[in-house]
Amino acid sequence: MSLDATLNLFRAIGEETRLRVMILLLRGELTVSELTQILGQSQPRVSRHLKILADAGLVERYREGAWVFYRAAEEGDGASVAGAVLAALKSFGEVDDRVVARDRERFRQSREARARAAAAYFEANAAEWDRVRKLHLPEPDIEQRMRALIGEQRVGLFVDLGTGTGRMLEIFADRFESGVGFDLSREMLSVARANLDRAGVHNAQVRQGDLFSLPLETGSADLVCLHQVLHFLAEPGAAVKEAARLLKPGGRLIISDFAPHELEFLREEHAHRRLGFSDEEVAGWRRASGLDLLASETLSPQSDDGKKLTVKIWVLGAPAEVRRLKSRASAA
Ligand SMILES: C[S@@+](CC[C@H](N)C(=O)[O-])C[C@H]1O[C@@H](n2cnc3c(N)ncnc32)[C@H](O)[C@@H]1O
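Summarised in this report is the structure supplied together with it.

About the criteria used
- Residues numbered from 1 in each chain as written.
- Predicted model: local features only at pLDDT ≥ 70, side-chain atom pairs only at ≥ 80, totals over all residues.
- Heavy atoms only, no water.
- Helix = DSSP H or I, 4+ residues; strand = E, 2+ residues; numbered from the N terminus.
- Rg over C-alpha atoms; globule rule 2.2 N^0.38 Å.
- Buried < 20%, exposed > 50% of the residue type's maximum accessible area, 1.4 Å probe, protein only.
- Contact = heavy atoms within 4.5 Å.
- Areas by Shrake-Rupley, 256 points an atom, 1.4 Å probe, with all protein chains shown as cover.
- Pairing = 2+ DSSP bridges.
- Axes fitted to C-alpha atoms, helices over the stretch in contact; angles between N-to-C directions.
- Phe/Tyr/Trp six-rings, centres within 6.5 Å; stacked < 30°, edge-to-face > 60°.
- Lys NZ or Arg CZ within 6 Å of the ring centre and 35° of its normal.
- Core = buried A, V, L, I, M, F, W, Y, C linked by side-chain atoms within 4.5 Å.
- Parallel < 35°, antiparallel > 145°, perpendicular 65-115°, else oblique.
- Left-handed = near helix turned anticlockwise from the far one by under 90°.
- Nonpolar A, V, L, I, M, F, W, Y, C, P; charged D, E, K, R; others polar.
- Salt bridge = Lys/Arg side-chain N within 4 Å of Asp/Glu carboxyl O.

1. Some details on the overall build of the protein chain
- Within the protein chain, the regular secondary structure consists of 13 helices and ten strands.
- At 21 Å, the protein chain has a C-alpha radius of gyration in line with the 20 Å of a compact globule built from 332 residues.
- Along the longest, intermediate and shortest principal axes, the C-alpha atoms of the protein chain span 65 × 45 × 35 Å.
- Taken over 332 residues, the protein chain has a buried fraction of 52%.
- Within the protein chain, residue pairs in contact and separated by at least 24 positions form 69% of the contacts whose partners lie at least 6 positions apart.
- Carbon and sulfur atoms make up 50% of the accessible area of the protein chain, which totals about 15700 Å².

2. Re helix H2 (residues 16-25)
- Counting buried positions over the ten residues of H2 gives eight, a clear majority of the element.
- Every buried residue belonging to H2 is among Thr17, Arg18, Arg20, Val21, Met22, Ile23, Leu24 and Leu25, and all of these are buried.

3. A few points about the sheet that holds strand S4 (residues 155-161)
- Read from one edge to the other, the open sheet built from seven strands follows the order S6-S5-S4-S7-S8-S10-S9, with strand pairing classed as mixed. Taken across any chain shown, the strands that pair with only one partner, and hence form the sheet edges, are strand S6 (204-208) and strand S9 (292-299). Direction aside, the axes of adjacent strands within the sheet are offset by 15 degrees on average.
- Sheet analysis places S4 next to strand S7 (residues 221-227), joined by three bridges and oriented parallel. Each bridged residue has a counterpart across the sheet, and for Asp160 the counterpart in S7 is Cys225.
- Seen against the sheet, helix H10 (residues 186-198) touches strand S5 (176-183) and S6 and runs at an angle of roughly 170 degrees to S6.

4. Quick word on unusual backbone geometry
- In this model, Gln228 sits at a positive phi of 55 degrees, which is unusual for a non-glycine residue.
- Mapped onto the elements of the fold, Gln228 is located in the loop between S7 and helix H11 (236-246).
- Notably, Ala271 is not glycine yet its phi reads approximately 60 degrees, a positive angle.
- In this structure, Ala271 sits in the loop between helix H12 (265-270) and helix H13 (279-288).
- The exposure class assigned to Ala271 is buried, which follows from its relative accessible area of 19%.

5. Remarks on the packing of aromatic side chains
- Using the criterion set out here, one finds five aromatic pairs in the structure.
- Ring centres of Trp67 and Phe69 lie 6.1 Å apart, and the angle between their planes is 55 degrees; on these two criteria the pair is classed as tilted.
- Taking the relative accessible area as the measure of exposure, Trp67 reaches 24% and is therefore partly exposed.
- Ring centres of Phe277 and Trp285 lie 5.1 Å apart, and the angle between their planes is 70 degrees; on these two criteria the pair is classed as edge-to-face.
- Aromatic rings pair up to connect Tyr62, Trp67 and Phe69 into one cluster.
- The ring of Trp67 carries the charged tip of Arg267 above its face, separated from the ring centre by 4.1 Å.
- Against the face of Phe69 rests Arg274, its NZ or CZ located 5.3 Å from the ring centre.

6. Brief notes about the nonpolar core
- Judged by nonpolar contacts, the single largest core of 30 residues is most densely connected at Met22, Leu25, Leu35, Leu50 and Leu58.
- Looking at this core, the elements with two or more residues in it are helix H1 (3-13), H2, helix H3 (32-39), helix H4 (43-55), strand S3 (67-72), helix H5 (77-92) and helix H6 (98-125).
- The residues touching Leu35, leaving out its near neighbours within four places in the chain, are Val21, Leu24, Leu25, Leu30, Val46 and Leu50.

7. Describing the sheet that holds strand S2 (residues 59-64)
- The strand order S1-S3-S2 describes an open sheet built from three strands, whose pairing is antiparallel. Every interior strand has two partners, whereas the edge strands, strand S1 (30-31) and S2, have only one.
- Note that S2 and S3 share six bridges and pair antiparallel. Paired with Glu60 across the bridge in S3 is Arg71.

8. So, the packing of H3 against H4
- The N-to-C vectors of H3 and H4 enclose an angle of 110 degrees; their axes lie 9 Å apart at closest approach. In terms of axis orientation, H3 runs roughly perpendicular to H4. In this structure, the crossing between H3 and H4 has a hand that is right-handed. Judged by residue contacts, Val32, Leu35, Thr36 and Leu39 of H3 engage Gln43, Val46, Ser47 and Leu50 from H4.
- Residue composition of the contact of H3 with H4, grouped by class: five nonpolar, three polar and no charged.

9. Description of the pattern of salt bridges
- Going through the model one piece at a time under the given rule, you end up with 20 salt bridges.
- With a closest N to O distance of 2.5 Å, Glu105 and Arg108 form a salt bridge. Separated by three residues within a single helix, Glu105 and Arg108 lie in helix H6, roughly one turn from each other.
- The exposure class of Glu105 is partly exposed, given its relative accessible area of 32%.
- Overlapping salt bridges, with partners in common, bring together Glu29, Glu60, Arg71, Arg274 and Glu281 in one network.

Here it is as structure tokens:
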């Protein structure tokens with residue numbers, strides 16, 4: 001690396017607002033408007049700082065529909081410096097500063113506000129959810145593909161993250177000895193309990209719990225499922241990491257979600273945060289969680305009636321031997 005480039009990198013980070021931005025982005029990705037609110041600075045000013053950080057390779061930017069997300073770089077020289085900043089922050093404990101503490105508190109509030117908005121949506125739509133999801137895609141086709149990908153052999157423990165109305169527990173019930181579904185929403189869980197009763201599923205239960213920190217032991221699950229959940233989350237990669245933690249060596253994680261799309265109304269009307277995911281993004285989470293790609297499928301829509309959503313299924317596997325997990329999520 002040239003001396004100029006090295007100096008640029010250190011100059012980029014050697015400024016108060018930009019260091020604050022880095023400290024925040026090492027906690028999790030943020031949109032420009034979230035950063036603007038947290039920092040209490042104007043959008044042009046924040047954008048100027050972000051451009052300097054992005055030009056130096058310290059942060060990555062990606063546009064998705066009308067929203068632009070920023071996150072700490074994961075590749076290149078900037079990523080090494082970001083990693084070193086993270087290590088330093090960890091060894092300091094916390095940066096002891098009033099402004100940084102306020103940023104941290106506002107970051108937490110911003111995440112909570114988003115989670116509350118999504119929870120309110122699910123509470124309002126719990127009874128209707130099965131109907132809402134049918135609007136987007138041909139469910140039976142997807143469920144059939146998921147079952148085929150999992151195979152007919154029964155597994156021990158099946159864990160469904162963001163179980164909603166318990167549909168995944170229902171369709172996989174003949175493939176597991178015992179199943180447990182977690183969801184934050186009590187309303188969703190009461191619908192799930194009624195659905196499981198009605199379907200005569202006696203080997204599964206649902207519990208209230210946050211999928212980012214589950215009350216289950218590391219290496220306890222044979223199969224974990226994230227079906228139509230990740231696009232609601234601020235930290236989908238952290239959810240994959242928690243799912244990976246649960247897997248036994250040789251266990252599998254099945255993810256079903258949308259391929260990248262442009263249906264912005266899903267954000268306003270249906271509390272989506274992300275407009276689908278690319279194979280590359282999933283590959284990044286997979287590598288960071290120490291999982292292998294076992295299979296993936298693309299299910300394109302049959303009609304072109306304006307509700308064009310392609311569904312992707314990824315099956316990831318925990319290696320038979322336990323590897324050390326690369327961990328960045330427990331940042332700063
Ligand atoms: C779109 S629904 C999908 C439900 C189900 N997986 C299905 O396929 O029918 C997403 C669910 O994720 C739940 N959820 C969102 N954030 C969560 C979190 N942090 N922990 C647990 N559940 C969460 C919501 O309450 C909602 O029920």
